[in-house]
Amino acid sequence: MGDVAATIRIMPVSVDTDLKALKDKLVAALPESAEFGTSREDPIAFGLKAIMMVVLVGDLEGGTEKVEEALAAVEGVESVTVTEVGRPV
């Protein structure tokens, strides 16, 4: 089939979490079947920021499930939510 671009919101455990270091850990934790696209930091509230990460994954074999599990297992991650899935442009 092809690849899809999944936008994933990763919430850190604390406002004090080093987001650059966390992003590096997240990219390193991606399964071989996934490819890092881009990321940005989105302000949430009271100084807390989420990492918004775009990851390219195959549209077969469970889609984003393996990626979500890998990211959720990284130390410093509170939650992982897929916010959008679409075809890359």
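Residues numbered from 1 in each chain as written. Predicted model: local features only at pLDDT ≥ 70, side-chain atom pairs only at ≥ 80, totals over all residues. Heavy atoms only, no water.

Colleague: What exactly am I supposed to notice about the nonpolar core here?
Modeller: One broad trend across soluble globular proteins is that nonpolar side chains are buried collectively. In terms of nonpolar packing, the biggest core is built from 18 residues, with Ile8, Ile10, Leu26, Val55, Val67 and Leu71 touching the most fellow members. Contributions of two or more residues to this core are made by strand E1 (3-12), helix H1 (19-29), strand E3 (48-58), helix H2 (65-72) and strand E4 (77-86). (Core = buried A, V, L, I, M, F, W, Y, C linked by side-chain atoms within 4.5 Å. Buried < 20%, exposed > 50% of the residue type's maximum accessible area, 1.4 Å probe, protein only. Helix = DSSP H or I, 4+ residues; strand = E, 2+ residues; numbered from the N terminus.)

Colleague: Please explain the side chain of Thr64 as it appears in this structure.
Modeller: Structurally, Thr64 can be placed in the loop between E3 and H2. In this structure, Thr64 is in contact with Ala6, Val57 and Val82, ignoring residues within four places of it in sequence. (Contact = heavy atoms within 4.5 Å.)

Colleague: Just to check I follow, could you spell out the sheet that holds E1 for this structure?
Modeller: Pairing between sheet strands relies on hydrogen bonds along the backbone, with the strands arranged either parallel or antiparallel. The four strands lie next to each other as E2-E3-E1-E4, forming an open sheet whose pairing is antiparallel. Unpaired on one side and paired on the other, strand E2 (35-45) and E4 mark the two borders of the sheet. Each adjacent strand pair in this sheet contributes to an overall mean axis angle of 25 degrees, direction not counted. Pairing analysis gives eight bridges linking E1 to E4, with the strands arranged antiparallel. In the sheet register, Ala6 faces E4, and the bridge partner there is Val85. The strands touched by H1 are E1, E2, E3 and E4; relative to E3, the strand with the most contacts, the crossing angle is about 20 degrees. Where H2 meets the sheet, its contacts fall on E1, E3 and E4, and the angle it forms with E4 comes to roughly 155 degrees. (Pairing = 2+ DSSP bridges. Axes fitted to C-alpha atoms, helices over the stretch in contact; angles between N-to-C directions.)

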